[in-house]
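Examination of the molecular architecture
Single-letter residue listing:
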Amino acid sequence: MQILVQKFGGTSVQSNQSRKHVLRHIENALNNDFKLVVVVSALGRSPDPYATDSLLELVDYPEHSITNRELDMLMVCGEIIASVVLSNELRKSGISSIALTGAQAGIKTNADFNQAKIKEVEPSRILTELKKHDVVVVAGFQGKNLQGELTTLGRGGSDTTAAALGAALAAKSIEIFTDVNGIMTADPRVVKNARALDIVSYREICNLAYQGAKVIHPRAVEIAMHAKVPIRVRSTYEENGGTLVTNTRNGKVGVDISDRVVTGIAHLANITQIKVQTKEKEAYRLQSEVFKAMADAGISIDFINISPTGVIYTVPNQQAKRAITILKSKGFNPSILDDCTKVSVVGAGMTGVPGVASRIVHALTSKGVQILQSADSHTTIWVLIPSKDLFTAVNALHEEFDLSNQSTILHDFLTER
Ligand code: ADP
Ligand code: ASP
Ligand code: MG
């Protein structure tokens with residue numbers, strides 16, 4: 001029995017019209033003799049009534065007084081509704097189908113409500129149902145913990161469900177259907193001539209996804225990478241193949257695919273920069289106390305820059321108010337710059353290639369974009385900029401590295417010359 005996992009995102013299952021395309025992809029896979037596990041997200045996007053954000057509005061999120069446990073009980077409903085709606089439509093079209101919640105499908109998680117991690121997938125129920133039905137439709141983004149409580153996997157987590165099921169069922173492939181043509185060189189809402197990548201390594205996509213390329217959840221990529229199951233990200237509305245995420249070339253296992261010097265640009269908005277200055281003799285107290293206080297409060301920090309006279313770091317906008325209150329209560333006098341964006345230039349082949357940073361700085365400064373902070377690793381260079389310059393900055397970098405052009409330089413090619 002050859003299994004294929006297909007995942008359809010919120011916009012793909014939004015309406016009768018969009019679900020006609022979903023049905024077409026399912027029928028195509030069945031005609032190719034696959035048994036199908038179809039993972040669905042909640043129907044549509046806010047203000048659609050059963051989208052995740054619409055459900056959250058019912059309890060006045062984020063100003064809520066609901067517990068994290070009950071938030072998960074609320075959010076799982078969106079995907080459960082979608083699974084029943086799609087399964088019903090499949091039956092209407094003569095396709096034998098059953099809907100399962102994440103828990104019924106065997107997704108077992110830890111107890112970390114709203115951000116649960118999958119601990120185990122017990123696929124026996126799915127395998128039994130696949131003997132009776134052509135399609136098992138699974139509600140994405142959810143599971144249950146050891147105590148039987150319902151949990152969710154973090155926003156965008158239906159991709160993670162699809163990857164976990166693909167790995168547990170040793171699926172031929174995981175197909176992520178969405179509203180764009182694949183994984184693109186930048187968010188197409190920001191860069192009009194962004195291009196869909198044909199083939200990329202798990203590592204490159206993981207970096208892009210962690211830095212804000214929301215087209216696929218980074219944990220989904222990690223799970224598929226460990227299980228060596230290829231992912232294809234493609235459009236629900238078109239027939240083209242989209243982007244293949246794999247580590248093999250021409251189907252040859254064990255042959256690395258080439259990494260590009262620059263693969264794409266990702267961005268994360270809604271970031272606040274915090275600066276705490278002090279006199280040099282106070283520096284040690286400042287450094288240890290500030291970071292401990294943030295850790296104790298569970299505030300995630302990034303872009304950390306420590307000098308003898310102070311510390312600079314960033315927090316998500318929603319956590320800024322709390323961070324400032326804590327710093328003031330400890331006697332510090334922080335200054336803040338809200339509404340910043342982190343722009344990441346990602347390319348697993350940039351290691352050892354000179355001049356990448358200088359091209360980034362030149363591309364931004366020549367367009368008058370102020371770089372507030374920067375950092376780098378061997379696969380990514382990050383800059384923090386004012387959000388008002390987001391479009392200018394991402395487009396300038398996209399152009400600088402010629403990412404709209406099909407012949408984006410691969411690292412192998414560069415070193416072979
Ligand atoms: P779904 O509901 O199908 O999971 P998402 O909204 O989570 O869809 O992800 C798809 C969106 O991701 C696209 O509409 C696009 O605007 C955005 N996106 C951001 N970065 C990228 C990128 N590099 N490539 C493709 N899409 C991207
Ligand atoms: N519906 C959930 C969300 O909006 C999960 C998903 O779409 O993947 O985050
Ligand atoms: Mg998504």
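Along each chain, residues carry numbers from 1 onward, in the same order as the chain's sequence is written. Chains carry letters from A onward and ligands carry numbers from 1 onward, assigned in written order. Whole-chain, interface and lining totals are the exception, using all residues; otherwise, since this is a predicted model, local features are given only for residues with pLDDT of at least 70 and side-chain atom pairs are given and counted only at 80 or more. Heavy atoms throughout the structure, all of them, feed into the side-chain values; hydrogens and water do not.

On to unusual backbone geometry. Most of the time, phi is negative for any residue but glycine, and the peptide bond is trans. Residue Pro47 is reached from Ser46 by a cis peptide bond, and omega for that bond is 15 degrees. Here the bond from Tyr61 into Pro62 is cis, since omega is 5 degrees, no more than 30 degrees from zero. Starting at the N terminus, helices and strands are each numbered in turn, a helix being any DSSP run of H or I of at least four residues and a strand any DSSP run of E of at least two. By the element assignment, Pro62 lies in the loop between α2 (52-57) and α3 (68-92).

Here Gly212 lies in the loop between α6 (202-210) and α7 (218-227). Residue Gly212 is classed as partly exposed on the basis of its relative accessible area of 24%. Separated by 157 residues in the primary sequence, Gly212 and Leu55 place their C-alpha atoms 24 Å from one another. Once residues within four sequence positions are removed from consideration, Gly212 is found in contact with Ala266, His267 and Leu268. Exposure categories follow from relative accessible area, calculated using a 1.4 Å probe and restricted to protein chains: below 20% of the type maximum is buried, above 50% is exposed, and the middle band is partly exposed. Here a residue-residue contact requires only that any non-hydrogen atoms of the pair lie within 4.5 Å.

What follows is about the site of ligand 1. Throughout, near means a residue has at least one heavy atom within 4 Å of the molecule or strand. The full set close to ligand 1 counts 17 residues, and Arg45, Thr178, Asp179, Arg189 and Lys214 are the nearest of them. The separation between a nitrogen atom of ligand 1 and a polar main-chain atom of Met184 is 2.9 Å. Throughout, the ten residues Ala, Val, Leu, Ile, Met, Phe, Trp, Tyr, Cys and Pro are labelled nonpolar, Asp, Glu, Lys and Arg are labelled charged, and all others, Gly among them, are labelled polar. Grouping the amino acids of the shell around ligand 1 by side-chain chemistry returns seven nonpolar, four polar and six charged. N or O atoms within 3.5 Å of each other form a polar contact, as long as, within protein, one can give a hydrogen and the other can take it, and as long as residues adjacent in sequence are counted only when both atoms are side-chain atoms.

As a further point, take the packing of aromatic side chains. Only rings of Phe, Tyr and Trp enter the pairing, Trp through its six-membered ring, and a pair is recorded when the two centres are within 6.5 Å. The plane angle decides the type: under 30 degrees is stacked, over 60 is edge-to-face, the rest tilted. For the structure shown, the criterion picks out two aromatic pairs. When the ring of Phe8 is compared with that of Phe177, the centres are 4.7 Å apart and the planes differ by 10 degrees; the resulting orientation is stacked. With Phe8 in strand β1 (residues 3-8) and Phe177 in strand β9 (residues 173-178), the pair connects residues that are 169 residues apart, well separated along the chain. Its relative accessible area of 0% is what places Phe8 among the buried residues. Judged by centre distance (5.7 Å) and plane angle (65 degrees), the rings of Phe291 and Tyr313 are edge-to-face. Of this pair, Phe291 sits in helix α8 (residues 283-296) while Tyr313 is found in strand β15 (residues 310-316), placing the two residues 22 residues apart along the sequence. For Phe291, a relative accessible area of 19% gives the class buried. Its guanidinium or amino end placed over the ring of Phe303, Lys342 lies 5.6 Å from that ring's centre, counting from NZ or CZ. Counted as over-ring charges are cases with an Arg CZ or a Lys NZ within 6 Å of the ring centre that also lie within 35 degrees of the ring normal.

What follows is about the site of ligand 2. In the region of ligand 2, the neighbouring residues are Ser41, Thr52, Glu79, Phe141, Arg155, Gly156, Gly157 and Ser158. Computed by Shrake-Rupley with a 1.4 Å probe, the accessible areas treat only the displayed protein chains as cover when residues are assessed. Relative to its free-state accessible area of 260 Å², ligand 2 is covered by the protein chains to the extent of 84%. Among the residues forming the shell around ligand 2, the class breakdown is one nonpolar, five polar and two charged.

This paragraph deals with the sheet that holds strand β17 (residues 373-376). Each strand in a sheet pairs with another by means of backbone hydrogen bonds, the pair being arranged parallel or else antiparallel. The sheet built from six strands is open, its strands ordered β14-β15-β13-β16-β18-β17 with antiparallel pairing. The sheet is open, and its two edges are formed by β14 (302-307) and β17, each paired on a single side. Each adjacent strand pair in this sheet contributes to an overall mean axis angle of 25 degrees, direction not counted. Sheet topology places β14 next to β15; four bridges connect them, and they run antiparallel. Between any two strands, pairing holds if DSSP finds at least two bridges. Note on method: axes are straight lines fitted to C-alpha atoms, helices fitted across the in-contact stretch only, with angles between N-to-C directions ranging 0 to 180 degrees.

Now for the packing of helix α1 (residues 16-31) against α3. It is at 11 Å that the axes of α1 and α3 come closest, and there the two elements cross at 65 degrees. Crossing geometry of α1 relative to α3 is assigned as right-handed. Contact residues: α1 offers Asn16, Arg19, Val22, Leu23 and Ile26, while α3 offers Val85, Leu86, Glu89 and Leu90. Of the residues in the contact of α1 with α3, the class split is six nonpolar, one polar and two charged. Throughout, a crossing is termed right-handed when the near helix is turned clockwise from the far one, and left-handed when it is turned anticlockwise from it by less than a right angle.

So, about the packing of α8 against helix α9 (residues 317-329). Direction vectors running N to C along α8 and α9 enclose 135 degrees, while the axes themselves pass 10 Å from each other. Between α8 and α9, the angle is such that the two are oblique. Considering only the axes of α8 and α9, their crossing is right-handed. Contacts between α8 and α9 involve Val290, Ala293 and Met294 on the former and, on the latter, Ala323, Ile326 and Leu327. Working rule for angles: under 35 degrees goes down as roughly parallel, over 145 as roughly antiparallel, 65 to 115 as roughly perpendicular, anything else as oblique.

This paragraph deals with the UniProt feature "domain: Aspartate/glutamate/uridylate kinase" (unreviewed entry) in the protein chain. UniProt positions are given in the numbering used here, feature names are shortened, and annotations may be inferred rather than shown by experiment. Here the UniProt feature "domain: Aspartate/glutamate/uridylate kinase" (unreviewed entry) sits at residues 3-235. Along residues 3-235 the backbone is 37% helical and 20% strand, and the end-to-end C-alpha distance reaches 20 Å.

The next thing to look at is the environment of Arg125. Secondary-structure assignment places Arg125 in helix α4 (residues 124-132). Considered as a pair, Arg125 and Ala105 are 20 residues apart in the sequence and their alpha carbons are 6.3 Å apart.

Residues belong to one nonpolar core when they are buried, are Ala, Val, Leu, Ile, Met, Phe, Trp, Tyr or Cys, and are joined through side-chain atoms within 4.5 Å. The biggest cluster of nonpolar side chains holds 42 residues, and the ones touching the most others in it are Val37, Ile126, Leu165, Ile174 and Ile216. Counting residues per element, this core draws most heavily on α6, which supplies five residues. Those residues in contact with Ile216 that sit more than four places away from it in its chain are Asp159, Ile176, Ile183, Ile205, Ala209, Val221, Ile231 and Val233. Of all hydrophobic cores here, the second largest spans 26 residues; its members include Val191, Leu364, Val369 and Leu403.

This paragraph deals with α1. In a helix, the anticipated span is given by 1.5 Å times the number of residues less one. The end-to-end C-alpha distance of α1 is 22 Å, a good match for the 22 Å that 16 residues give at a rise of 1.5 Å each. Of all the residues in α1, the buried ones are Ser18, Arg19, Val22, Leu23, His25, Ile26, Ala29 and Leu30. The arc that holds every buried residue of α1, seen down its axis, measures 165 degrees, which confines them to one face. With respect to the buried face of α1, the exposed residues turned more than 90 degrees away are Gln17, Lys20 and Asn31. Contacts made by the buried residues of α1 are with β1, β2 (35-40), α3, β6 (135-139), β9 and β11 (231-235). Just downstream of α1 lies Asp33, where phi reads positive at about 70 degrees. Here, the arc refers to the directions that run from the helix axis to the C-beta atoms.

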